[in-house]
Amino acid sequence: DSLNHKDIFLKVAKAAFDDVDVDHSGEIDSNELGKVMIKIANQLGTIPPSKEDIKEMFDNIDTDHSGEIDFNEFQVLIKTILIGIMLDEEDGFDYD
């Protein structure tokens, strides 16, 4: 069986979610999100986000205001990132 785009997206999103969900609770807390945001910033050589930046990002993702990010909320984040990348590519932005 070949995977369709939705299956591939779900597989990639789940793998990313599991990487961020360090304690394997099935939800991402603000500490876990902060750690990954700082790690990415360090890898990119950019200024790490402040605690306020992390809280703002977390609050934007946690749309049900449960205090944790579930997989459905995380999928919305990944889709938003992918749409941003596709729009940048349409504008001629080169990631290499």
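Note that the structure is predicted; figures quoted are calculated from it, not measured.

Caption draft 1: Structural view of helix α1 (residues 5–20). A rise of 1.5 Å per residue sets the reference length of α1, with its 16 residues, at 22 Å; its end C-alpha atoms lie 22 Å apart and thus fit the reference within 8%. Buried within α1 we find Phe9, Ala13, Phe17 and Val20. One face of α1 carries all of its buried residues, which in axial projection span an arc of 65°. Residues of α1 that are exposed and point over 90 degrees away from its buried face: Lys11, Val12 and Asp19.

Caption draft 2: Layout of the pattern of salt bridges. If you walk through the whole model with that rule in mind, you get 2 salt bridges. Here Lys14 and Asp18 are joined by a salt bridge, their closest N and O atoms 2.9 Å apart. Pair noted here: Lys14 and Asp18 are both in helix α1, with a separation of 4 residues, about one helical turn. The class for Lys14 is partly exposed, based on a relative accessible area of 38%. For Asp59, the salt bridge identified is with Lys55, shortest N-O distance 2.6 Å. Here the residue Asp59 and the residue Lys55 both occupy positions in helix α3 (residues 51–61), the gap between them amounting to 4 residues, near one helical turn. Taking relative accessible area as the criterion, Asp59 reaches 37% and is therefore assigned partly exposed.

Caption draft 3: Region of the structure containing the nonpolar core. Counting residues in each nonpolar core, the largest one holds 14 residues, and the members touching the most others are Ile28, Leu33, Ile61, Ile69 and Phe74. The leading source of residues in this core is α1, at 4 residues. Ignoring sequence-local partners within four residues, the contact set of Ile61 consists of Leu33, Ile69, Glu73 and Leu77.

Reading the values: rules and limits
Residues numbered from 1 in each chain as written. Predicted model: local features only at pLDDT ≥ 70, side-chain atom pairs only at ≥ 80, totals over all residues. Heavy atoms only, no water. Helix = DSSP H or I, 4+ residues; strand = E, 2+ residues; numbered from the N terminus. Expected span 1.5 Å × (residues − 1). Buried < 20%, exposed > 50% of the residue type's maximum accessible area, 1.4 Å probe, protein only. Arc of directions from axis to C-beta. Salt bridge = Lys/Arg side-chain N within 4 Å of Asp/Glu carboxyl O. Core = buried A, V, L, I, M, F, W, Y, C linked by side-chain atoms within 4.5 Å. Contact = heavy atoms within 4.5 Å.

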